[in-house]
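A closer look at the structure
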Amino acid sequence: MKIRLIEPRPAGLSMFDSALLPRLGLPLIGRVLTREGHDVRIYVENLAPIDWGDVLSADLVGFSATSATAPVAYALAASLRRAAIPTVIGGVHVTFLADEALDHCDYVVRGEGQQTILELVAALNDPARLEQIAGLSYWDGPAGRCLKRHNPDRPACSPEEFAALPAPDLSLIVGSERMTSAPVMTQWGCPFNCNFCSVIQMFGRNVRARPVEDILDELETQRDRGNVFFYDDNFVIDKPRTMRLLRGMRERDLRFIWSAQVRAEIVYADKRTGEIDHELLGLMRETGCSTVYCGFESANPETLKLYRKQQDVESIRASIRAFHEYGIMVHGMFVLGSDADDKAGISQTAEFAIENEIDTVQFLILTPCPGTAFYDQMAAEGRILTQDWALYDGHHCVIQPTLMDPYELQFSAHKAMARFYSARRAWRRLATSLIRNLPFLLRLAWRDVVLNRQFPRLARGLLDRSRQLDAVRMFKQRLNREKRRRLESLVMVPALRLYGHRQIRRWADQARSRAHIEFLKRLMPRVPGRSGKPPVCDRAVKSLS
Ligand code: B12
């Protein structure tokens, strides 16, 4: 059967536009389908445009959607359905809103989809078998009198089944060579219970981990890429296992520059005494860890409690210090707008990030993703402002906070980002780094740029905006790991900060952001302050635009 799979890109600009990375659901599903002899191709819109000629001749088209990309996926699926092409959709959003998704698609795969899709494809010519497929939602009954049917949930795959899953087939993705890193996932699930996160509802708290040897084998196949991003929601859950993986990388001489999502307290050998785990950090550094993505969430202890984060502010500080001591960059992920956050609190969080010298940050606005405890709470309290899912990307305020107006939350989060990503701060950091490392950079410029036979191609690429990323990648591929690592640590942070600076401005300038800001402003009470002036936010928005 000819099957085409699509991961649509979200509408509008976001801070993640430069991350040329797919989610791994479709490559995994692609792998299990090709093993059964099907002809599969995957389009990840962020990586390459969709070839509609190819898609329109498929026997089945599948979509993967998060909340923010669900509206685009629905629109595409609805138009294919009108062309009488069967469509199926899966992913973290539709798992919890299958009824909604069926309005646009023929089939919805809820939860983990790798087994359900095989059963669905096998049953397409025999609709009587559909009702036996766990985790499937579909239209049932004679034409004109169809009803939505939701079969019972499919239990999450067992640790043994998980361990036996094949590695996702990235080669099925059109444009996979443009990926900025090799994405590798070693575990599914998260033992924690943060109230805004949909991972626990989707993959459970019972963590399943792949055998270390299999992961090392998968890494062997990615040697050419140079960079690896471990997608685990929490890369260090079972420390001895992580250490075995890292030692295995060292033994097999897998020289990657890698990054991963971790929690702050992994830096401790003993949290009670504050003793730092030098062995783990040393091994991370030695095996090429360049950046950790840390879900710090907030510098406000009350907010951390409300999020059920099980983390204190001191651990955040200690972890930044410890990672930096080992030359590992820190990307701090914060979620703003809890019931304990006010405007001053948000600006303190921005100050905290600057003072503690976090390298890069994301200040996202607390968003109620369907399926989460937080969504249920917001819905029950009538605090959801819009169900335009395209706005559920952490860049838009879609709830009524308690200590602020929605507009104030939107504005404060934007201001926090703009403050952190100030151009002045970025240039200052670049200048200091360049001066400190001048001899190294001059050597590099001479040996690896001027004497590089591909210099003319490289120069042309760097001058052409649309090919800059490819040119940078081509250049990096020529360097050995130590040089690449040093260069990245020098240039990466200022470059990302300048990118952030530009992207924040572009975000605020685009029509859909302005429309949302106007929508939030209309929700503001129109009572002038005691001075008779308009509310502070009204004045503030002028400085935004
Ligand atoms: C890697 C990753 C990223 C990458 C790549 C992003 C991309 N291309 O979307 C980066 C870092 C750029 C990123 C950014 C963001 N991300 Co992100 N990200 C992830 C992460 C950690 C892993 C994704 C993955 O590969 N999972 C593993 C695969 C196997 O799972 P899967 O894709 O869901 O597929 C399985 C099932 O869902 C199902 N399935 C899925 N699709 C389909 C399709 C069909 C046809 C079928 C049959 C089945 C099926 O079967 C698959 C196998 O079982 C997830 C968390 C997670 N554990 O999933 C968050 C996650 C997807 N991200 C999330 C969010 C919110 C974001 C951001 C908006 C904000 C942020 N976190 O900083 C941005 C927006 C990015 C964008 N452009 O849209 C949320 C989405 C929640 C929601 N309801 O929308 C998640 C779930 C994290 C969370 N804590 O809740 N992200």
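Residues numbered from 1 in each chain as written. Predicted model: local features only at pLDDT ≥ 70, side-chain atom pairs only at ≥ 80, totals over all residues. Heavy atoms only, no water.

Counting its regular elements, the chain contains 22 helices and 18 strands. A globule of 545 residues ought to have a C-alpha radius of gyration of about 24 Å, and the chain, at 24 Å, matches this closely. Expressed as lengths along the three principal axes of its C-alpha atoms, the size of the chain is roughly 70 × 70 × 55 Å. Here the chain holds 545 residues, and the buried ones make up 54% of them. Put simply, 74% of the contacts in the chain that link residues at least 6 apart link residues at least 24 apart. Carbon and sulfur atoms make up 54% of the accessible area of the chain, which amounts to about 24,200 Å² in all. Seen as two clouds, the 74 positive and the 65 negative side-chain charges of the chain have centres 8 Å apart. (Helix = DSSP H or I, 4+ residues; strand = E, 2+ residues; numbered from the N terminus. Rg over C-alpha atoms; globule rule 2.2 N^0.38 Å. Buried < 20%, exposed > 50% of the residue type's maximum accessible area, 1.4 Å probe, protein only. Contact = heavy atoms within 4.5 Å. Areas by Shrake-Rupley, 256 points an atom, 1.4 Å probe, with all protein chains shown as cover. Lys, Arg positive; Asp, Glu negative; His and termini not counted. Charge placed at Lys NZ, Arg CZ, Asp CG, Glu CD.)

A word on the sheet that holds strand β7 (residues 147-150). The strand order across the open sheet built from eight strands is β7-β6-β5-β4-β3-β1-β2-β8, with neighbouring strands paired in mixed fashion. Each end of this open sheet is capped by a strand with a single partner; those strands are β7 and β8 (173-174). The sheet contact formed by strand β1 (residues 2-7) and strand β3 (residues 60-64) spans four bridges and is parallel. Opposite Ile3, over in β3, you have Leu60 as the bridge partner. The strands touched by helix α1 (residues 25-35) within the sheet are β1, β2 (39-44), β3 and β8, with β1 carrying the most contacts at an inclination of about 170 degrees. (Pairing = 2+ DSSP bridges. Axes fitted to C-alpha atoms, helices over the stretch in contact; angles between N-to-C directions.)

Around the ligand, 39 residues are found, and the nearest of them are Arg23, Leu24, Gln114, Asp233 and Gln362. Note that an oxygen atom of the ligand is positioned 3.0 Å from one of the backbone N or O atoms of Gly113. For the shell around the ligand, the secondary structure elements donating two or more residues are α1, β3, α7 (199-203) and β18 (360-365). The class makeup of the residues in the shell around the ligand is 21 nonpolar, 13 polar and five charged. (Near = heavy atom within 4 Å. Polar contact = N/O pair within 3.5 Å; in protein donor to acceptor, adjacent residues only side chain to side chain. Nonpolar A, V, L, I, M, F, W, Y, C, P; charged D, E, K, R; others polar.)

The next subject is the pattern of salt bridges. In total, this model carries 37 salt bridges according to the counting rule given. Residues Asp153 and Arg110 are paired through a salt bridge, measuring 2.9 Å at the closest nitrogen-oxygen approach. One end of the pair, Asp153, is in the loop between β7 and α6 (159-163); the other, Arg110, is in the loop between β5 (107-109) and α5 (116-123), with 43 residues separating them in the sequence. Asp153 sits in the exposed class, given a relative accessible area of 61%. Here Arg110 falls in the buried class, since its relative accessible area comes to 10%. Taking the shortest distance from any N to any O, the salt bridge between Arg321 and Glu314 comes out at 3.5 Å. Linked by salt bridges that have partners in common, Lys2, Arg4, Asp39, Arg41 and Asp54 make up one network. (Salt bridge = Lys/Arg side-chain N within 4 Å of Asp/Glu carboxyl O.)

Now for the domain arrangement of the chain. Looking at the chain, the domain boundaries give domain 1 (2-150), domain 2 (180-417) and domain 3 (426-508). One C-alpha centre belongs to domain 1, the other to domain 2; they are set 28 Å apart. If you look at the interface, domain 1 gives 25 residues, while domain 2 gives 23 residues. Buried surface at the junction of domain 1 and domain 2, summed over both partners, amounts to about 1,900 Å²; 71% is from carbon and sulfur atoms. Summed over the three residues of domain 1 that lose the most area to domain 2, namely Leu21, Phe96 and Glu112, the buried surface amounts to 27% of that side. Run the count over domain 1 and domain 2 and you get one salt bridge. A breakdown of the residues in the side of domain 1 that touches domain 2 according to their chemical character gives 14 nonpolar, eight polar and three charged. (Domains from an automatic or database assignment. Buried area = accessible area lost by both parts, 1.4 Å probe.)

As a further point, take the pairing of β2. Sheet analysis places β1 next to β2, joined by six bridges and oriented parallel. Note on β2: the bridge partner recorded for Arg4 is Arg41. The handedness of the β1 to β2 crossover, carried by α1, is right-handed. Pairing analysis gives two bridges linking β2 to β8, with the strands arranged parallel. The partner of Tyr43 across the bridge, within β8, is Val174. (Right-handed = clockwise from strand over helix to strand, strands pointing away.)

With that out of the way, let us pick up the nonpolar core. Counting 69 residues, the largest nonpolar core has Leu219, Met249, Trp258, Met284, Phe323 and Phe363 as the members making the most contacts within it. It is helix α15 (residues 406-420) that contributes the most residues to this core, seven residues altogether. Counting 38 residues, the second-largest nonpolar core is a separate cluster that includes Ile29, Val40, Ala123 and Trp188. (Core = buried A, V, L, I, M, F, W, Y, C linked by side-chain atoms within 4.5 Å.)

Moving on to the layout of surface pockets. Computed from the structure, the second largest pocket encloses a volume of approximately 720 Å³. What lines the second largest pocket is a set of 25 residues, and nearest its centre among them are Glu357, Asp359, Arg429, Ser433 and Arg436. Only α12 (313-325), α13 (343-355), α16 (423-436) and α20 (481-509) provide two or more residues apiece to the lining of the second largest pocket. At six residues, the largest contribution of residues to the lining of the second largest pocket is made by α16. Residue composition of the lining of the second largest pocket, grouped by class: seven nonpolar, seven polar and eleven charged. (1 Å grid on protein atoms, 1.4 Å probe; cavity = no way out; pocket = protein on both sides within 12 Å on 5 of 7 lines; lining within 4 Å. Points joined across faces, edges and corners; volume = space filled by probe spheres on them.)

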